Amino acid sequence: MGSKTRLLSLLTPIQLLQAFFCILLALTLALHAILSSTSTLLLDHNIRLVLSQHRIALFSLLWCTLVALLAYLSTRPRPVLLLDYACFLPDKDRKCSYETCEYFVRRSRRYNDVSEQFMSGIYHKSGLGDETYVPSFIFQNDYEAKLQSALEEAEEGMTAAVDALLAKTDVPASAIDLLIATCGMFAPCPSLTSLLVHHYRLPESTTTYNLSGMGCSSGVGAIDLAARVLKSSRKVRYALVVITESISLNWYFGDNRSMLVTNCIFRVGTAAVLITNDPAKRGVAKMEFLHSLRTHHGADDASYRAAYQEEDDAGTVGVALKKDLIRVAGQGLRAHIRLLAPKALPWVQLIQYAYHVVRGWLRKGDQKQKVPDFTTAFEHMCMHTGGKAVIESVGRLMQLDDSVTEPARMCLHRFGNTSSSLVFYELAYFDAKGRIKSGDKIWMLAFGTGFKVCSLVWRALRDSVMEPDNPWKDCIHRYPMKTW
Ligand SMILES: CC(C)(COP(=O)(O)OP(=O)(O)OC[C@H]1O[C@@H](n2cnc3c(N)ncnc32)[C@H](O)[C@@H]1OP(=O)(O)O)[C@@H](O)C(=O)NCCC(=O)NCCSC(=O)CC(=O)O
């Protein structure tokens, strides 16, 4: 294939049209420059001559330009705007202090002494505070969760978040064209999207996608999916993304250490996000979607098994968070940011980074490649708060100072690992602190079982403010904590 043909095949139709318009503009400017240098009389004469001699050619050119303009206007990607979001704040009586956890563990009589001590140690080192939320079954006499309590956990969080979101955006449920629900560890039948369609009596035309088993990055992945549909669709106007987790049925009653870690750090949380491609909503939207990146590292055995649902030696099912997860997350993140850098970094940083990459290739022994400074690309970072060790590892790898990881650490302390909704609790932290200014770029970074690393990049369209439904409203004055 010739180089010109190869170049053309690399361009999307939109890019081809953009190139066509650039050439047209350049030709017009050139023509203007030539004509403005000739005298007006001569110009009139020339124009009349051209018009009379090449009438058909000129009409064809005009017609082609009109068709190209119409094609461009009807196929150009639409803006993807985040109208608003809402995070579920469970009732105060669902708060789980260390004492509540310890009491639950003793009362259930399902763990041996060694496991009890192990959980106590992990809980104290986990970075979780005394105000995270657990499912209601923890407080009931029949401590073992049933399907009903898992369904209640999911439905309560999803409907509370969606109600709050629809109320503050003033968008009726019937206007939702696309509904995506995501839940990492619980996949009931009918699906959670069906539950929402039923609850809100959504119209028959609603398109739904239900994502499950995709771990803590599925929220970011779901927004990426919504953005892809919204960018190209003329029919879909509003997309509702509901990001939840239901930990009831995955509470582990056994003595496998890696599975006990899950009990210690996963907590209740849900976020709902309303996205539109209606340009008229730019004035009221919070953020504009800029780009996304999803990388899947599951081809590697260790990455695939780093967070894994399986039976322990006694046949009890649990989700094992292997010790290797931190190494796997670091490895995945390195590969991910290599691909994100060209999309996101400013030129100077990019050139510096490219230089280091090339130098690393040339010196084959130099395996430790420099990590670019992403704080030059984004003003704020919402990093998935998978656990204390995950935050510390990302901070070390990317050489982030404590002020960058502060929202992640505070979020883990206040809400625990709520799975894929966490990045929105972090966004709410920024809003509660009033830190985001119009024009700022925000990077959402999430890790998920599989093992996946997913990024979303947004641009703020207005300054952040604390809204009445912000989940931090009653406690933000206590954060950031001095020690963690
Ligand atoms: C669990 C921790 C809070 C423990 O804190 P520390 O690391 O400071 O403690 P530590 O190293 O002294 O460990 C204390 C004891 O626990 C043991 N230990 C630690 N992690 C373990 C694990 N995953 N499996 C089994 N044992 C483990 C250690 O060997 C040690 O045992 P001994 O005392 O016998 O030597 C931390 O390691 C952590 O945050 N880990 C990351 C949790 C995680 O995987 N999060 C991702 C969730 S998945 C996710 O978010 C994505 C998704 O689900 O999709």
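Residues numbered from 1 in each chain as written. Predicted model: local features only at pLDDT ≥ 70, side-chain atom pairs only at ≥ 80, totals over all residues. Heavy atoms only, no water.

The name given to the chain in an unreviewed UniProt entry is 3-ketoacyl-CoA synthase, with the source organism recorded as Ensete ventricosum. As recorded by UniProt, the Pathway (unreviewed entry) comment attached to the chain reads in full: "Lipid metabolism; fatty acid biosynthesis." Quoted straight from UniProt, the Sequence similarities (unreviewed entry) entry for the chain says "Belongs to the thiolase-like superfamily. Chalcone/stilbene synthases family." (UniProt positions renumbered as here; feature names shortened; annotations may be inferred.)

Counting secondary structure elements, the chain contains 16 helices and 13 strands. A buried classification covers 50% of the 484 residues belonging to the chain. Once local pairs closer than 6 in sequence are excluded, the contacts in the chain between residues at least 24 apart make up 81%. With an accessible surface of roughly 24,000 Å², the chain has 59% of that area assigned to carbon and sulfur atoms. Where the 54 positive side-chain charges of the chain centre and where its 46 negative ones centre are 9 Å apart. (Helix = DSSP H or I, 4+ residues; strand = E, 2+ residues; numbered from the N terminus. Buried < 20%, exposed > 50% of the residue type's maximum accessible area, 1.4 Å probe, protein only. Contact = heavy atoms within 4.5 Å. Areas by Shrake-Rupley, 256 points an atom, 1.4 Å probe, with all protein chains shown as cover. Lys, Arg positive; Asp, Glu negative; His and termini not counted. Charge placed at Lys NZ, Arg CZ, Asp CG, Glu CD.)

With that out of the way, let us pick up the site of the ligand. In the region of the ligand, 26 residues are neighbours, and Lys125, Cys216, Leu321, Lys323 and His384 sit closest. One nitrogen or oxygen atom from the side chain of Ser258 is found 2.8 Å from a nitrogen atom belonging to the ligand. At 2.9 Å, a backbone N or O of Gly386 approaches a nitrogen atom of the ligand. Relative to its unbound accessible surface of 1,000 Å², the ligand loses 73% to contact with the protein. Applying the majority rule of atoms within 2 Å of the grid points places the ligand in the largest pocket. With 4 residues, the single largest contributor to the shell around the ligand is helix H10 (residues 257-265). Classifying every residue of the shell around the ligand by side-chain character gives 12 nonpolar, 9 polar and 5 charged. (Near = heavy atom within 4 Å. Polar contact = N/O pair within 3.5 Å; in protein donor to acceptor, adjacent residues only side chain to side chain. 1 Å grid on protein atoms, 1.4 Å probe; cavity = no way out; pocket = protein on both sides within 12 Å on 5 of 7 lines; lining within 4 Å. Sits in = over half its atoms within 2 Å of the grid points. Nonpolar A, V, L, I, M, F, W, Y, C, P; charged D, E, K, R; others polar.)

Moving on, we come to empty space enclosed by the protein. According to the stated counting rule, one finds 5 cavities of 30 Å³ or more in the structure shown. Empty space within the largest cavity amounts to approximately 90 Å³. Every residue along the wall of the largest cavity is listed here: Tyr85, Lys286, Met287, Leu427, Asp431, Ile436, Ala460, Arg462, Asp463, Ser464, Val465 and Glu467. Split into classes, the residues belonging to the lining of the largest cavity amount to 6 nonpolar, 1 polar and 5 charged. A volume near 70 Å³ is recorded for the second largest cavity. In terms of lining residues, the second largest cavity is bounded by Asp84, Tyr85, Ala86, Cys87, Lys168, Lys286, Asp431, Val465, Glu467, Asp469, Asn470 and Pro471. When residues in the lining of the second largest cavity are grouped by element, the largest group, 4 residues, is from strand E1 (residues 81-87). (Points joined across faces, edges and corners; volume = space filled by probe spheres on them.)

Across all of its chains, the model carries 19 salt bridges by this definition. Notably, a salt bridge pairs Arg478 with Glu131, separated by 3.1 Å at the nearest N-O pair. A residue pair is termed long-range when its members are at least 10 positions apart, and Arg478 in the segment after strand E13 (452-460) and Glu131 in the loop between helix H6 (113-125) and strand E3 (132-133) qualify at 347 residues. Residue class for Glu131 comes out buried when judged on its relative accessible area of 18%. Ionic contacts of the salt-bridge type, sharing partners, join the residues Asp84, Lys168, Lys286, Glu467 and Asp469 into one network. (Salt bridge = Lys/Arg side-chain N within 4 Å of Asp/Glu carboxyl O.)

In this section: helix H13 (residues 347-362). Over its 16 residues, H13 extends 22 Å from the first C-alpha to the last, a length consistent with the 22 Å expected when each residue adds 1.5 Å. Turning to H13, its buried residues are Gln349, Leu350, Tyr353, Val357 and Gly360. End-on, the buried residues of H13 take up no more than an arc of 95 degrees, which puts them together on one face. Away from its buried face, by an angle of more than 90 degrees, H13 presents the exposed residues Trp347, Val348, Ile351, Tyr355 and Leu362. Next to the buried residues of H13 lie helix H12 (325-344). (Expected span 1.5 Å × (residues − 1). Arc of directions from axis to C-beta.)

This part covers the pairing of E1. Summarising burial for E1: 7 of the 7 residues are buried, a large majority. Across 6 bridges, E1 lies against strand E7 (residues 270-276) in antiparallel orientation. Within E7, the residue paired with Leu81 across the bridge is Thr276. Sheet topology note: the E1/strand E8 (residues 287-296) ladder contains 2 bridges and is antiparallel. Looking at E8, one finds that Leu82 is bridged to Met287. (Pairing = 2+ DSSP bridges.)

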